[in-house]
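Overview (structure and organization)
In case you want the letters, here they are:
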Amino acid sequence: MIAQTVLVVATLCGLGDGPALPVASERPKLVVLIVIDQFPAWIIPRMEQHFAPGGFRRLMNDGAWFTDAHYPQAATITGVGHATIATGGLPAGHGIVGNAWYDREREVEVYCAADDSVQIVGGPAEKETKVSPRLLTSTTFADENRIASGFRAKTIGISAKDRSAILLAGHTGKAIWYSQKSGLFLSTTYYYPDGKLPAWAEKFNAARPADKYFQQTWKPLLDPTEYAAPPDDRPFEINHPGLGRTFPFVLGRGLKLGPEYYKALSVAPQGSELLLDLARAAIAGEQLGSRGVTDILCVSLTANDYVGHAFGPESIEYMDLTLRTDRMLEKFFSDLDQLIGRGSWTVVLTSDHGSCQSPEYLTEQGFDVGRVDPQQILAAAHKALDDAFGSDDWLAPYNDPGVTIRPSVLKKHKASLANAQQIAAAAVRRVPGVAEVYTSLQLNAGQIPPTTVARAVAATNHLQRGPDLIIVPKPYWYLSREMHQHAAMHGTPYPYDTHVPVFLYGPRIAPGRRVQRVHLTDVAATLSAYLGVPAPSANDGVSVLETLRN
């Protein structure tokens, strides 16, 4: 998407003074992809003075740090972001247009990783979602690495969200995720057809590691005044059962061991510790990085997202979690030095999206912002369509990032899709807090203004799975189907949501701060070039090979 320098293009074509593809001895033993869920780029300079030497600072000083990396799509949402990182593609290519979307043929909502053909593995199946990567319509860089190795290389994806582990692991890897219902780590028969987790994962579950954090306390690492954050107790923050909304947090306060506690654990730094412990167990159990091929370990740390939603990214809780994540990474990187060998592993660290500060907090600072009510959006579109064509159940439930008109109702009233889209869009534009509404047919025809926001919306469009209306709120306005379930939200094409950090650290990666604009689609392209394997099938990125040259 973003043109790179002539030198980079020349190197890609083999015209530079270095090899375009690495020889086997130059490849790292292990590539670790770390995705911190909801981690805006501005948090790094904000907290930099408090970082330890071996965590983020190690990546900043000894790795390649891209300070102007953005998502090219408007749907800055967990499922879409993880798919873009892994495939280098846009939603039209990788097929993940949101965490869920409306299936026009079956007239039902579809979860982005849903697969009713599989069974749950690793723990109780009751109320667990059956999932797999089958709705992902592209290979990932990890898939291509496995194919190129003759399937000798391994890929493991780990997260507290099933979709995050699944989309990073791709079609050929193994995905394992945390259950907020049982406190165990699960998978499905898509990955383990015999119905059993590997022995190392079963051993990990048998120890019930989530239970050891019960009644532990989360206190700020620093004096709260050091965070330059708003007061700890704010009425719009979410009061989670078994957690509360102010320091000190006692995990499982007032609860017994059970689903409410396991959910509360996800909204605390101990939830990230648990994931990194599983990553260590995977390295040992699968012998990652010690089998003569380059293995890939993908870890999506989700506590940052849960904390950002609950308290806002401007909160003391979010600032403190950032520092605790820094300390966890320092320990994890040190362990990689011991387990794999210093100079033998590569880490890529980024995020699936940024975040917007809480609207109530911004209002206190004098901003004219608020919350856009999805039900008001639906009501406006419904009324307009009723008035134009006759009363009916015109719309599917609201689903980020937009609204879908039911095809069967269009057919019943003999209404054209183009006309219905235009009528509904005109009505939604008048809803308070809405900046613009784009129709899918308008986007398909390329009828957009020459702006970054419009291009990002166009990059989100998917003719079959995408909504008929993609809605862009005014800057800093909160828009989500979950209007009051979070203190803060993401999901827009504005820089606070699209701008995330990207770090690459490892052998053959020259350290330094890179200020050129890159896109998150470039991550998969760059890793593919770094490993000397083909780019994923839906790749839309450009390899930033200058980072691979010493």
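Residues numbered from 1 in each chain as written. Predicted model: local features only at pLDDT ≥ 70, side-chain atom pairs only at ≥ 80, totals over all residues. Heavy atoms only, no water.

**A closer look at the overall build of the protein chain**
- Along its length, the protein chain carries 20 helices and 20 strands.
- A compact globule built from 550 residues would reach a C-alpha radius of gyration of about 24 Å, and the protein chain, at 23 Å, matches this within 12%.
- Projected onto its principal axes, the C-alpha positions of the protein chain cover 70 × 60 × 50 Å.
- Looking at the 550 residues of the protein chain, the share that counts as buried comes to 63%.
- Within the protein chain, contacts between residues separated by at least 24 positions form 74% of all contacts whose residues are at least 6 apart in sequence.
- Split by element, the accessible area of the protein chain, about 20,200 Å² in all, is 53% carbon and sulfur.
- The averaged location of the 55 negative side-chain charges in the protein chain is 4 Å from the averaged location of its 50 positive side-chain charges. (Helix = DSSP H or I, 4+ residues; strand = E, 2+ residues; numbered from the N terminus. Rg over C-alpha atoms; globule rule 2.2 N^0.38 Å. Buried < 20%, exposed > 50% of the residue type's maximum accessible area, 1.4 Å probe, protein only. Contact = heavy atoms within 4.5 Å. Areas by Shrake-Rupley, 256 points an atom, 1.4 Å probe, with all protein chains shown as cover. Lys, Arg positive; Asp, Glu negative; His and termini not counted. Charge placed at Lys NZ, Arg CZ, Asp CG, Glu CD.)

**A short note on the pairing of strand β1 (residues 30-36)**
- With respect to burial, β1 is a largely interior element, 7 of its 7 residues being buried.
- Judged by which residues are buried, β1 turns out to be covered on both faces: Leu30, Val32, Ile34 and Ile36 on one side and Val31, Leu33 and Val35 on the other are all buried.
- Of the strand pairs in this sheet, β1 and strand β12 (residues 345-350) are connected by 6 bridges, and their pairing is parallel. Looking at β12, one finds that Leu30 is bridged to Trp345.
- Of the pairings in the sheet, the one linking β1 to strand β11 (residues 295-301) comprises 7 bridges and is parallel in character. Paired with Leu30 across the bridge in β11 is Asp295. (Pairing = 2+ DSSP bridges.)

**Describing the environment of Ala100**
- If you trace the backbone, Ala100 turns up in strand β3 (residues 100-103).
- On a C-alpha basis, the gap between Ala100 and Lys414 in space is 28 Å, while along the polypeptide they are 314 residues apart.
- Residues contacting Ala100, with those up to four places away along its chain left out, are Glu109, Val110, Tyr111, Cys112, Asn399 and Asp400.

**Considering the pattern of salt bridges**
- In this structure the tally under the stated criterion is 26 salt bridges.
- Asp468 is the salt-bridge partner of Arg104, the closest N and O atoms lying 3.3 Å from each other. Residue Arg104 is found in the loop between β3 and β4 (108-111), and its partner Asp468 is found in the loop between α18 (452-460) and β16 (469-473); the two are separated by 364 residues along the sequence.
- The buried category is assigned to Arg104, whose relative accessible area is 18%.
- Linked through salt bridges whose partners overlap, the residues forming this network are Lys212, Asp277, Arg280, Lys331 and Asp335. (Salt bridge = Lys/Arg side-chain N within 4 Å of Asp/Glu carboxyl O.)

**Here's the deal with the nonpolar core**
- Membership of the largest hydrophobic core comes to 93 residues, with the highest contact counts inside it found for Ile34, Leu297 and Phe332.
- Per element, the largest residue contribution to this core is 11 residues, and it comes from helix α12 (residues 316-341).
- With sequence-adjacent residues up to four places away left out, Phe332 is seen in contact with Val32, Ile34, Leu276, Ala279, Arg280, Ile283 and Leu297.
- In terms of nonpolar packing, the next biggest core, distinct from the first, is built from 43 residues, Tyr361, Tyr398, Val437 and Tyr494 among them. (Core = buried A, V, L, I, M, F, W, Y, C linked by side-chain atoms within 4.5 Å.)

**What to know about the packing of aromatic side chains**
- With the rule as written, the count across this model stands at 19 aromatic pairs.
- A ring pair is formed by Phe389 and Trp394, whose centres lie 5.5 Å apart and whose planes are at 45°; its orientation type is tilted.
- By relative accessible area, Phe389 is classed as partly exposed at 22%.
- Connected via pairs of aromatic rings, a cluster forms that spans Trp218, Phe247, Phe249 and Phe311.
- Geometry around Tyr192 places Lys174 over its ring, the cationic atom sitting 5.0 Å from the centre.
- Sitting over the ring of Tyr478, Arg371 keeps its end group 4.3 Å from the ring centre. (Phe/Tyr/Trp six-rings, centres within 6.5 Å; stacked < 30°, edge-to-face > 60°. Lys NZ or Arg CZ within 6 Å of the ring centre and 35° of its normal.)

**Remarks on the confidence of the model for the protein chain**
- Scored by pLDDT, the protein chain has a mean of 94; 95% of the residues are at 70 or more.
- Considering only residues more than four positions removed or in separate chains, one finds that residues 1-20, a stretch of pLDDT under 50, has 35 contacts. (pLDDT = per-residue confidence, 0-100.)

**Re the packing of helix α14 (residues 374-389) against helix α16 (residues 417-428)**
- In contact at an axis separation of 8 Å, α14 and α16 are set at 135° when each is read in the N-to-C sense. Of the possible angle classes, the one that applies to α14 and α16 is oblique. Here the hand of the crossing between α14 and α16 comes out right-handed. Here α14 contributes Ile377, Ala380, Ala381, Ala384, Leu385, Ala388 and Phe389 to the contact with α16, which in turn contributes Asn419, Ala420, Ile423, Ala424, Ala427 and Val428.
- Taken together, the residues of the contact of α14 with α16 sort by class into 12 nonpolar, 1 polar and no charged. (Axes fitted to C-alpha atoms, helices over the stretch in contact; angles between N-to-C directions. Parallel < 35°, antiparallel > 145°, perpendicular 65-115°, else oblique. Left-handed = near helix turned anticlockwise from the far one by under 90°. Nonpolar A, V, L, I, M, F, W, Y, C, P; charged D, E, K, R; others polar.)

**Section: a nonpolar patch on the surface**
- Together, Leu417, Leu441 and Leu463 line one region of the surface with nonpolar side chains, adding up to about 220 Å² of accessible area.
- As for its placement among the helices and strands, Leu463 is situated in the loop between α18 and β16. (Patch = residues over 30% accessible without salt bridge, like charges linked within 9 Å, V, L, I, M, F, W, Y side chains within 5 Å.)

**Side note on α18**
- The complete set of buried residues in α18 reads Ala454, Ala456, Val457, Ala459 and Thr460.
- Next to the buried residues of α18 lie α5 (91-94), β15 (434-439), α17 (440-444) and β16.

**Quick look at the side chain of Asp352**
- Topologically, Asp352 is positioned in the loop between β12 and α13 (359-364).
- We note that Asp352 is buried and unpaired, the nearest opposite charge coming from Lys161 at a distance of 5.6 Å.
- One polar contact links Asp352 to Thr78, side chain to side chain, over a distance of 3.4 Å.
- For Asp352, the side chain forms a polar contact with the side chain of Ser351, separated by 3.5 Å.
- Those residues within four positions of Asp352 in sequence are excluded, and the remaining contacts are Val35, Ile36, Asp37, Gln38, Tyr71, Ile77, Thr78, Gly81, His82 and Ile85. (Polar contact = N/O pair within 3.5 Å; in protein donor to acceptor, adjacent residues only side chain to side chain.)

**Comments concerning the sheet that holds β15**
- Within the open sheet, the 3 strands sit side by side as β14-β16-β15. Their pairing is antiparallel. The open sheet has two edge strands with one neighbour each: β14 (402-403) and β15.

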